[in-house]
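Understanding the architecture of this molecule
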Amino acid sequence: MSIDKNSRRSFLQLTGAGLAGMGLSTASLAQAPTLPNGQVDPRAANTGQGSPTYDVRAFGAKGDGKTIDTPAVNKAIDAAAAAGGGIVRFPSGTYACFSIHLKSKVALYLDPGATILAAESGPAGQYDAAEPFEFDKFQDYGHSHWHNSLIWGEGVESVSILGPGMIWGKGLSRGAGSDSPKAESPGVGNKAISLRNCRNITLRDFTILHGGHFGILALGVDNFTIDNLTIDTNRDGMDIDCCRNVRVSNCSVNSPYDDGICLKSCFGLGYARATENVTITNCFVSGFKEGTLLDGTYDRTLPRPNFSPTGRIKFGTESNGGFKNITVSNCVFEFCRGLALETVDGGILEDVTINNITMRDIANAPIFLRLGSRMRGPRVFRSECCGE
């Protein structure tokens, strides 16, 4: 792979912040990456100024929007992980994929003009099977599974997805009862990015279009940075569930049919865990017609009479573990619902600060507070926590 001096410098500057968050040692990775047999990996480029770069095209990806590039992409990720960490680069092109597997100390970098396209399940391939989950009955199917996603990681750390490219969930289901493939069907994917039991994760600078049931579903993720994302989708933009030490900043989320930025604390870990130490700042949420945030038309056409666009910032409804130490500041709401703070499963909601909020054309109450007793969790848990 040939990179001229100027573009190389720009690329390293763009990726530097994300790689710093990955905890990678520049000195240790400046050496040429090697294969398990000790030989230098000829598919990796190394400038001696940072982490080795693995171009997915060097592993067989076509980027033509038709060829299924999942095997090549996962091989590039495996090679970077085997070398102790690195950057998996997507040059300009459209990479049709099924499930991409994140690995520790590996960053995905989407060049300008690069798109990871969620392929449609069928003869060409399928998404990973939804893993067994014993607590399915306590929450929606979409909240209970992570592997049936376009990009997923479980138990990984020091991972980044960076760059000005796009993730387009064209072939993803938006959930049961929709016009798209049924989420529960084997081989169907219904999330753009899902993370479970991870730490030190950075998502920065890319766009998600049509993210399926969840643009981002993060459960039990600690030290989590989401910065400068644009999400224009048909269900939830991002769900931050049972997570700690989270920073969401400078994001624009358009989600007419569901929540924009949503904090949850469900029973998906098999125990109650609070979502805590979260900052949401300098963000924009809206409920325009899907796709029109990205194309700049901001279409307010209602799909049916009496439709109420969603697109809000919400706490809950899943709230077994509760919410603690949350700040929401400097956010703008337009043509959507307002703030919703809901705890209905026995969890607490405390130490929440909200300031400098601007709202325009709000579909219902600007601020909605709800304390309920749905108690969607195991009875033994309810007895211990709630005096049942």
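Definitions and cut-offs
- All residue numbers refer to positions counted from 1 along the written sequence of the respective chain.
- Note on the predicted model: pLDDT of at least 70 is required for a residue's local features to be given, and 80 or more for side-chain atom pairs to be given and counted; whole-chain, interface and lining totals, by contrast, use all residues.
- Hydrogens and waters are ignored; side-chain quantities use all the structure's heavy atoms.
- Scored from 0 to 100, pLDDT reflects the predictor's confidence in each residue.
- When checking whether two residues touch, look at their non-hydrogen atoms; a contact exists if any pair is within 4.5 Å.
- Numbering of helices and strands runs from the N terminus; a helix is a DSSP stretch of H or I covering at least four residues, while a strand is a stretch of E covering at least two.
- For this analysis, a polar contact is any N or O atom pair within 3.5 Å, provided that within protein one partner can donate a hydrogen and the other can accept it, and provided that sequence-adjacent residues contribute only side-chain to side-chain pairs.
- Residue exposure (1.4 Å probe, protein chains only): buried if accessible area is under 20% of the type maximum, exposed if over 50%, otherwise partly exposed.
- Pairing between two strands requires that DSSP report at least two bridges joining them.
- Put simply, a disulfide is two cysteine sulfurs that come within 2.5 Å.
- Residue count minus one, scaled by 1.5 Å, sets the expected span of a helix.

Notes on the confidence of the model for the chain
Averaged over every residue, the pLDDT of the chain is 88; residues scoring 70 or more account for 85%. A low-confidence stretch, residues 382–388 (pLDDT under 50), is modelled with nine contacts involving residues beyond four sequence positions or located in other chains.

Overview of the environment of Asp-227
Tracing the backbone shows Asp-227 in strand E16 (residues 222–227). When the C-alpha atoms of Asp-227 and Leu-162 are compared, they prove to be 9.8 Å apart, with 65 residues separating the residues in sequence. Apart from residues no more than four positions distant in its own chain, Asp-227 is found in contact with Leu-203, Arg-204, Asp-205, Ser-249, Asn-250 and Cys-251. In terms of polar contacts, Asp-227 uses its side chain to reach the side chain of Asn-250, at 2.8 Å.

Observations regarding the pairing of strand E22 (residues 275–281)
Sheet faces and side chains relate simply in a regular strand, where the side chains alternate between the two faces. Here E22 lies mainly inside the structure; five of its seven residues are buried. One ladder, built from six bridges, connects E22 with strand E25 (residues 323–336); its direction is parallel. Bridge pairing in E25 places Thr-275 opposite Phe-323.

Describing the state of the cysteines
Summed over all chains, the structure comprises zero disulfides. Looking at Cys-198, it has no disulfide partner, and the nearest cysteine sulfur is the one in Cys-243, 9.2 Å off. Note on Cys-198: relative accessible area 3%, which makes it buried.

Digging into the sheet that holds strand E21 (residues 261–265)
Strand pairing in a sheet relies on backbone hydrogen bonds. The paired strands run either parallel or antiparallel. Reading across the sheet, the nine strands line up as E6-E9-E12-E15-E18-E21-E24-E26-E28 and stay open at both edges, with parallel pairing between neighbours. Two strands bound the open sheet, and with one partner strand each, they are strand E6 (100–101) and strand E28 (367–371). Judged from the five bridges that link them, strand E15 (residues 214–219) and strand E18 (residues 236–241) form a sheet pairing that is parallel. Residue pairing in the sheet places Leu-219 in a bridge with Asp-241 of E18.

Observations concerning helix H3 (residues 70–82)
Compared with an ideal rise of 1.5 Å per residue, which puts 13 residues at 18 Å, H3 spans 18 Å between its outermost C-alpha atoms and is within 8% of the ideal. Taken as a whole, H3 has its buried residues at Thr-70, Ala-72, Val-73, Asn-74, Ala-76, Ile-77, Ala-79 and Ala-80. Buried-residue contacts for H3 involve strand E2 (53–55), strand E3 (64–68), strand E4 (86–90), strand E5 (93–97), E6 and strand E7 (106–110). Immediately beyond the C-terminal end of H3, within one or two residues, lies Gly-84, with a positive phi of roughly 95 degrees.

Quick notes on unusual backbone geometry
The phi angle of most residues is negative, glycine excepted, and most peptide bonds adopt the trans form. Thr-317 follows Gly-316 through a cis peptide bond whose omega is 10 degrees. Position of Thr-317 among the secondary structure elements: in strand E24 (residues 313–319). Even without glycine at this site, Ser-158 takes up a positive phi of about 55 degrees. Summarising the element assignment, Ser-158 is placed in strand E10 (residues 157–162). Assessed through its relative accessible area of 6%, Ser-158 is described here as buried.

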